[in-house]
Amino acid sequence: MTDDRLDRRRRAARLALWWEALWPRLWPVLGVGGVFIVLALLGLPLVLPRWLHMIGLAVFAGLLGWAAWRGLRGLRVPGLAAADRRLEKASGLRHQPLAVLSDHAAGDDPISRAVWSEHQRRARAMIGRLRVGLPRPGLAALDRRALRGGLVVALVGAFGIAGAETPERLRRALVPGFELPPPAPALRLEAWVTPPPYTGAPPLFLDPAGGSVSVPAGSRVHLALSGGSGGVPDLLLDGTATPFRALDGSSFGAEALVDRGMTVGIRRDASDIARWSLTARADSPPVVAFAEPPGRAQRGLAVRLPWRAEDDWGLVTVRAELRLVARPDAPALVVDLPLPAASPKQARGAAQPDLSAHPWAGLPVRVLLVAVDGAAQEGRSDDATLTLPERAFTHPVAQALIALRRALSVDPDARASSRAELDRITASPEAFEHDSATYLALRAARARLVRDRRPEAIPEVQDILWEVALALEEGRADRTARALAEARQALRESLDQAERREAERREQDAQNPPNPEQQVQREAERQQTDERIQQLREAIRRHLEALAERLQRENAEAMPYDPANRLLDQRELDRRTQRMRDAAREERNRDAQRELAELERMLDNLEQGRNSRAESPERQQRRERGQQQMGAMQDMVRRQQGLLDEGHQRAETEEQRRNAARRQPGRQPPGAQPPEAAAQDRAAAERDARVQRALRRALGEVMQQFGDLTGEVPDALGRADQAMREAQENLRGGNDARPDQQRALRELAEGNRQMAQQMQRQFGQGQPGGEPGEEEGEDGEGQGMADGSEQGGEGGDTPGDLAQGRDPLGRRAREAPGAAENGGDTRVPEEAELLRSRRIQEELRRRGAERERPAQELDYIDRLLKRF
């Protein structure tokens, strides 16, 4: 080994020896520093007071200096001899060969020198593989509890907690804050007034500088004050001080009710911050009156109550209170009048409630209107006197029972005379064909008059008398028909509610599974639906038996078999009701509704077939007049659609002119039109205004004729008339009338649908050409409805057509006998498919009405619509 290599090994050995001596002495210093870093990164110095922080720094500095002095005291740099001994020990050499290299022979004779040279040569050969070895400071012997490992773990955790704030936390731990406390934040004031909820008015923010404001009575003023210096502020209400409530250390809040005019101010430390003068506007009670004298409706047994009402903030309810003239102290009969919108400020209408079944029918009553606003204030109209329409009975016993019922309304204490009258009627059972049910009902009513002294017993007896009179007048078939209608309505409402609840449960089950209580509730609802299905089945069975009895009593021939009236088959009835029950149990509400719709269609066909055989010429003439009026409505929808299309074309042409003017600047001001173009647009608008006026007049005539025919005018037609009037005014003023025309189109479509429903209720048949309300959709574009009227306007789905196995479009129905044998494979769409098709048509018409779409897209939509 050369001397250079030996020197390097000796330096490395000296460094290893120095580290082994230094590290055990340095560990206490590093331990004290590590503890300080852990505490600093955890943020402990930041929460200490300034004086305690300084004491802590001094303590740590003293500990650090003492540990350094104690550990580094007596530390020496290792010499060459110690380095040689380490090399020899680490390399496993014996007899100190490195010392041989620096020694010399004791004798100076040639033999001694030769022997010494050989000895040194052997020593050099031994040190050819010198190793320094790793330093071994021996810290484990000094730290037997391994505290150094815990300190390392604490340092790693502290650095992870501090994260990006490590440098700042170390700096703030080493340098305590000697700066002055931060200044107080600037004063901030927020003040606003919240009107009562029933007004629907938005909050009103007050100027922090103060001022005068008028607000509705019952409003609440809210004040929020934060920042600034000083104590708790005071709220001044007309000079009366009330302390603010503390929200936190520097924020305060207060509120007060403004029920009268007052001065509101804020004072803090004897100085005023702001002051406002609030004026309370009193809420006036609503005003309600009869638009026309009330009386009997032109058609039917309804009472016509035309009314108008207004309120400064909006109406909540409007009702009519009827009091018996003969008994002014009797509880009033309350009839709620529907409002056209939610909380309207002005409203008018004409309600036509049918009170012919009420015990007061045929007696004079006083009627007054009551309107209620959001503040629960009531406005009352002048009363009017009228006689409630009553149903005319031809059966002698029914007439006597209705007279007795009316007498009990006038004098409920006349029990003795009423009992005597019932004894007289039951003494002659031949007057009611010896019907045991009638006899038992009358005797039950008599017993209740004798034994039940409650005031509620009189209305209960009156109900019994009414039911008996109806049974005698109508006969069993009409009673069962009424019970069947009630059962159908009850099941329809139950299925609708089940469908809504099922949608809500899907959302709830997606978040939380149903608990046992909810499962029990669902089972109870399914049981209720199943009971209503059974009630409908029983009502259908009784009605069919009543119809058969009527045919036998009238000595009429049996109704011929009709494929569309398979309801006559008891097996078909059992099959459909069982499918409805299965669908309801499995919560397939759509399938149950589909089965119910099919069953109702079969019932309607049965009723139409029966009515067509016994329909009087007068009734047939009235039905034809109704069909003519609906045809006029369909033509009106088509003409209104044409006006809307012309409006779209004018708007598109005007937009093209504007775009052309923008591309040629300087020729005319932006937005200006050439004189001849402006004249053409004005002439077209005037022409459309005249057409709109003619359509509105035609609508008025249809409304009057339909009201005379059915005794009720659909509300949607009144809204359509209003929209037409506004469209006419906009056309005359040169404004855009398209929104009003679109609204008129929608209301016409809705009115047409309501007219169809009224025709169905009164005449038992649909309008020609299908259901316009379903054909043209809610958007009311009207083109689809016009097409439907052209297809079916000449005929209708008469029972004769259905009896031949044909649907309303003349195609062979699936149930028709021989359809498969004759090759009639045309499939009539299901109700769900029809609904899906209608929705697609509605969306296409909605997009087609948006004329700002590209021309290619509009052409494509037109082609699609032609396919329908």
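In the block above lies the structure referred to throughout.
(A) Layout of the overall build of the protein chain. Scanning the protein chain from terminus to terminus reveals 26 helices and 19 strands. Within the protein chain, the proportion of its 868 residues that are buried is 36%. Taking contacts inside the protein chain between residues at least 6 apart in sequence as the whole, the part at least 24 apart equals 70%. Accessible surface for the protein chain amounts to roughly 49800 Å². Of this, 51% is attributable to carbon and sulfur atoms.

(B) Looking closely at the packing of helix α12 (residues 436-451) against helix α13 (residues 457-474). Where α12 contacts α13, the axes come no closer than 10 Å and their chain directions differ by 165 degrees. The angle between the axes of α12 and α13 places the two elements in the roughly antiparallel class. Considering only the axes of α12 and α13, their crossing is left-handed. On α13, the residues that touch T438, A441, L442, A445, R448 and L449 of α12 are A457, I458, E460, V461, I464, L465, V468 and L472.

(C) Just a nonpolar patch on the surface, in detail. Taken together, L44, L46, V47, L48, W51, L52, I55, V59 and L63 make up a surface patch of nonpolar side chains, about 800 Å² in accessible area. At the level of elements, α2 (44-47) and α3 (50-72) are the ones that each hand at least two residues to the nonpolar patch. Ranked by residue count, the leading element in the nonpolar patch is α3, at five residues. Following the sequence through the fold, I55 ends up in helix α3. Residue classification places I55 among the partly exposed positions, given a relative accessible area of 44%.

(D) Fine view of the environment of A483. Residue position: A483 is located in helix α14 (residues 476-511). What makes A483 partly exposed here is its relative accessible area of 35%. Separated by 57 residues in sequence, A483 and I540 place their C-alpha atoms 9.0 Å apart.

(E) Helix α9 (residues 166-174), seen in detail. Of all the positions in α9, only T166, R169 and A173 are classed as buried. An end-on view of α9 places all buried positions within 70 degrees of arc, on one side of the element. The outward face of α9, more than 90 degrees from its buried face, is lined by the exposed residues P167 and L174.

(F) Region of the structure containing the pattern of salt bridges. Tallied over the full model, the rule gives 40 salt bridges. Here R639 and D635 are joined by a salt bridge, their closest N and O atoms 2.9 Å apart. Separated by four residues within a single helix, R639 and D635 lie in helix α18 (residues 617-663), roughly one turn from each other. The class for D635 is partly exposed, based on a relative accessible area of 27%. Across the salt bridge formed by R650 and D688, the nearest N and O atoms sit 2.3 Å from each other. Of this pair, R650 sits in helix α18 while D688 sits in helix α19 (residues 675-710), and the two are 38 residues apart along the sequence. Salt bridges here are not isolated pairs; linked through shared partners, they connect R448, D452, R454, E456 and E460.

(G) Geometry of the nonpolar core. Counting residues in each nonpolar core, the largest one holds 27 residues, and the members touching the most others are V318, L322, V365, V367 and L388. Broken down by element, this core gets its largest block of residues, five residues, from strand β14 (residues 315-324). Excluding residues that lie within four positions of it along the chain, V367 makes contacts with F290, L305, A320, E321, L322, D382, D383, A384 and L386. Formed by 22 residues, the second largest nonpolar core is a distinct cluster that contains A398, L408, I458 and W466.

(H) A look at the packing of aromatic side chains. Across all of its chains, the model carries three aromatic pairs by this definition. A centroid spacing of 5.2 Å and a plane angle of 65 degrees characterise the contact between F36 and F60, whose relative ring orientation is edge-to-face. One end of the pair, F36, is in helix α1 (residues 3-41); the other, F60, is in helix α3, and 24 residues separate them in sequence. Overall, F36 belongs to the buried group, its relative accessible area being 16%. With a centroid separation of 6.5 Å and 45 degrees between ring planes, the pair formed by W192 and F205 is classed as tilted. With a gap of 13 residues between them, W192 in strand β1 (residues 188-194) and F205 in strand β2 (residues 204-205) connect regions that are remote in the sequence. Relative accessible area serves as the criterion here: at 24%, W192 is assigned to the partly exposed category.

(I) Summary view of the sheet that holds strand β9 (residues 262-268). Ordered by their spatial adjacency, five strands build an open sheet running β3-β10-β9-β5-β6, and the pairing between neighbours is mixed. With one partner strand each, in any of the chains shown, β3 (211-216) and β6 (240-243) form the two edges of the open sheet. Averaged over all adjacent pairs, the angle separating strand axes in this sheet is 25 degrees, with direction ignored.

(J) Inspection of helix α10 (residues 396-410) at higher detail. The terminal C-alpha atoms of α10 lie 21 Å apart, and with 15 residues this matches the ideal 21 Å at 1.5 Å per residue to within 8%. Among all positions of α10, only V397, A398, A400, L401, I402, L404, R405, L408 and S409 are buried. Turning to α10, the residues buried within the fold contact β14, α11 (415-426), α12 and α13.

(K) Molecular detail of the sheet that holds strand β7 (residues 245-246). If you trace the five strands from one edge of the open sheet to the other, you get β2-β1-β4-β8-β7, paired in antiparallel fashion. Of all the strands in the sheet, the pair left with one neighbour each is β2 and β7. Where strand β4 (residues 219-226) lies against strand β8 (residues 251-258), eight bridges are found, and the strand directions are antiparallel. Along β8, the bridge assignment pairs A224 with G253.

(L) Local environment of the pairing of β6. Relative to β6, strand β5 (residues 234-237) runs antiparallel, the two sharing four bridges. Bridging from a neighbouring strand, L237 pairs with T240 of β6. What sits between the antiparallel neighbours β5 and β6 is a turn of two residues, in which D238 has the positive phi angle 55 degrees.

(M) Just the packing of α10 against α11, in detail. It is at 11 Å that the axes of α10 and α11 come closest, and there the two elements cross at 170 degrees. By the angle between their axes, α10 is roughly antiparallel relative to α11. Here α10 contributes V397, A400, L401, L404 and L408 to the contact with α11, which in turn contributes S418, E421, L422, R424 and I425. Within the contact of α10 with α11, the residues separate by chemical class into seven nonpolar, one polar and two charged.

(N) Inspection of the side chain of R415 at higher detail. Its location among the elements puts R415 in helix α11. The side chain of R415 sits in the buried core without any salt bridge; D452 is the nearest counter-charge, 6.0 Å away. A distance of 3.1 Å separates the side chain of R415 from the backbone oxygen of L449, its partner in a polar contact. A polar atom in the side chain of R415 sits 2.4 Å from the backbone oxygen of D452.

Each value, and the rule that gives it
- Residues numbered from 1 in each chain as written.
- Predicted model: local features only at pLDDT ≥ 70, side-chain atom pairs only at ≥ 80, totals over all residues.
- Heavy atoms only, no water.
- Helix = DSSP H or I, 4+ residues; strand = E, 2+ residues; numbered from the N terminus.
- Buried < 20%, exposed > 50% of the residue type's maximum accessible area, 1.4 Å probe, protein only.
- Contact = heavy atoms within 4.5 Å.
- Areas by Shrake-Rupley, 256 points an atom, 1.4 Å probe, with all protein chains shown as cover.
- Axes fitted to C-alpha atoms, helices over the stretch in contact; angles between N-to-C directions.
- Parallel < 35°, antiparallel > 145°, perpendicular 65-115°, else oblique.
- Left-handed = near helix turned anticlockwise from the far one by under 90°.
- Patch = residues over 30% accessible without salt bridge, like charges linked within 9 Å, V, L, I, M, F, W, Y side chains within 5 Å.
- Salt bridge = Lys/Arg side-chain N within 4 Å of Asp/Glu carboxyl O.
- Arc of directions from axis to C-beta.
- Core = buried A, V, L, I, M, F, W, Y, C linked by side-chain atoms within 4.5 Å.
- Phe/Tyr/Trp six-rings, centres within 6.5 Å; stacked < 30°, edge-to-face > 60°.
- Pairing = 2+ DSSP bridges.
- Expected span 1.5 Å × (residues − 1).
- Nonpolar A, V, L, I, M, F, W, Y, C, P; charged D, E, K, R; others polar.
- Lys, Arg positive; Asp, Glu negative; His and termini not counted.
- Polar contact = N/O pair within 3.5 Å; in protein donor to acceptor, adjacent residues only side chain to side chain.

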